[in-house]
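# Inside the fold
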Amino acid sequence: MKQPVWDLPVRLFHWLLAALIAFSWWSVKYDHTSWHIWSGCAILTLLIFRFLWGFVGSSTARFSSFVRGPGAVVDYLRGKWTGSGHTPLGALSVVALLLAVSVQVGMGLFAEDEDGIYMGPLARLVSSDTSDKVRDIHALWFYVILGLIVLHVLAILYYRLFRGQKLTKPMITGRAELSPGTAPMRPGKWWVAVVCLAIGLGITRWIIAGAPPL
Amino acid sequence: MVMLAAAPSKDQALQIMKQRHDAMEGLGKAMKQLHRGLDATPPDVNSVRTQTATMASTAAKIPSLFPAGTGPDVGKTRAKPEIWKQQPLFLKKSKDFLAAALALDAAAKTGDMNKVMALHEDVDKACKSCHDPFRAPEH
């Protein structure tokens, strides 16, 4: 019987993030810079939400359940790991992606476009030269994210082709077949998710306003 | 500024292209400083005036910075061949930009920063509306 593994907030976060990263790439490539900035702000809200949910969310959403040391990774590679949610190896990829996207959004906040028409919400806090340099690194950093995405997709294909495990479907339905004796996900509370989202929206609004003194 | 009746020699062309690059980069820098000057509390009126003056004087030079024979076939430039294929449209866009830049500079001279803020959007639009058809992507 299929058991719950991913809660709705985690799934929504995952697919919205994927869609917004694609949209961010497209919008800046085709000169829709203001859409690009809004997309970055939306990703910021998602990241803040996910960070908080990583402490107070369902069992498989919590960092404490999947961020582990190298010992756990070695055990996993030797086939000694049983559990639900992110595997110790997959967790490294999740953490790397979350960090890389956070760095990217952080830089975007301080960047300005080459013509001086568009500015990230915090660009006015730094000099124009700094802002231009940040934009250049922001553009290059995309390749770091792209590399991690490629790795992520290749890993999913590997599990599908060589291990007979379908990983995409559980990220849509939230349920998967677990090996016997494995504890399924303990869900979080819906109102806690709403509070996390509200905090994410609040902080994003404050940043869009240029981070004025409180 | 070199004014030319006939097509420029390669050296002349490259020289104009260099002037053009510097002028456009200067415009971008002025735009960026303008933003910061307007956003400061209180607005930095002197800086705003310096930037709008730079923008107006550079805008006036644009038609002479794009003579025929200074396109991508001559040297590294983001100027698209369409500039010379659709010369009347290009000249109209540069005229629109000049009008927007002059209006902005006039507002800055009166010291009315709210007006500068409002007119600033017309300048943004004029930049974009010419870059979209006539400037190639950065890389």
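Computed from a predicted structure; not experimentally measured.

Definitions and limits used
Residues numbered from 1 in each chain as written. Chains lettered and ligands numbered in written order. Predicted model: local features only at pLDDT ≥ 70, side-chain atom pairs only at ≥ 80, totals over all residues. Heavy atoms only, no water. Helix = DSSP H or I, 4+ residues; strand = E, 2+ residues; numbered from the N terminus. Buried < 20%, exposed > 50% of the residue type's maximum accessible area, 1.4 Å probe, protein only. Contact = heavy atoms within 4.5 Å. Areas by Shrake-Rupley, 256 points an atom, 1.4 Å probe, with all protein chains shown as cover. Buried area = accessible area lost by both parts, 1.4 Å probe. Salt bridge = Lys/Arg side-chain N within 4 Å of Asp/Glu carboxyl O. Polar contact = N/O pair within 3.5 Å; in protein donor to acceptor, adjacent residues only side chain to side chain. Nonpolar A, V, L, I, M, F, W, Y, C, P; charged D, E, K, R; others polar. Disulfide = S-S within 2.5 Å. pLDDT = per-residue confidence, 0-100.

## A short note on the overall build of chain B
The helix and strand inventory of chain B stands at five helices and zero strands. Tracing chain B from N to C terminus, the helices and strands come up as α-α-α-α-α. When its C-alpha atoms are laid out on the principal axes, chain B stretches across 50 × 30 × 25 Å. A total of 139 residues make up chain B; the buried ones form 39% of that total. Within chain B, residue pairs in contact and separated by at least 24 positions form 73% of the contacts whose partners lie at least 6 positions apart. As presented, chain B carries roughly 7600 Å² of accessible surface, and 59% of it is formed by carbon and sulfur atoms.

## What about the interface of chain A and chain B?
Counting from both sides, the interface comprises 18 residues of chain A and, opposite them, 16 residues of chain B. Summing both partners gives a buried area of about 1300 Å² for chain A against chain B, and 41% of it is carried by carbon and sulfur. Contact with chain B buries area across many residues of chain A, yet E114(A), D115(A) and I117(A) alone supply 43% of it, more than any other trio. Between R36(B) and E112(A) there is a salt bridge whose closest N-O contact spans 2.9 Å. At the boundary of chain A and chain B, one finds 13 residue pairs in polar contact (both at pLDDT 80 or more). Along the lines of polarity and charge, the residues of the side of chain A that touches chain B split into five nonpolar, four polar and nine charged.

## Side note on the environment of S9(B)
Residues and elements named next belong to chain B. Here S9 lies in the segment before α1 (10-39). Owing to a relative accessible area of 35%, S9 belongs among the partly exposed residues under this scheme. Considering only alpha carbons, one finds S9 and R20, 11 residues apart in sequence, at a separation of 16 Å.

## Here's the deal with the state of the cysteines
Evaluation of the coordinates by the stated rule reveals zero disulfides over all chains. With no disulfide partner, C41(A) has as its closest neighbouring cysteine sulfur the one in C196(A), 20 Å distant.

## Topic: the confidence of the model for chain B
Scored by pLDDT, chain B comes out at a mean of 92, with 95% of its residues at no less than 70. For this predicted complex, the interface score ipTM comes out at 0.81, alongside a pTM of 0.88.

## Here we look at the pattern of salt bridges
This structure, assessed with the given rule, holds 12 salt bridges over all chains. With a closest N to O distance of 3.4 Å, E114(A) and R135(B) form a salt bridge. Of this pair, E114(A) sits in the loop between α5 (88-110) and α6 (128-162) while R135(B) is found in the segment after α5 (113-134), placing the two residues in two different chains. By relative accessible area, E114(A) is classed as partly exposed at 24%. Look at R135(B) and you get partly exposed, because its relative accessible area is 23%. Close ionic contact of R135(A) with D136(A) constitutes a salt bridge, the shortest N to O distance being 3.8 Å. A residue is classified by how much of its surface remains accessible, and D136(A), at 41% relative accessible area, is partly exposed. A network of salt bridges, in which partner residues are shared, links E114(A), D115(A), R78(B) and R135(B).

## Concerning the environment of W206(A)
For W206(A), the position within the fold is in helix α8 (residues 190-208). Beyond its immediate sequence surroundings of up to four residues, W206(A) is in contact with A211(A), P212(A) and L214(A).

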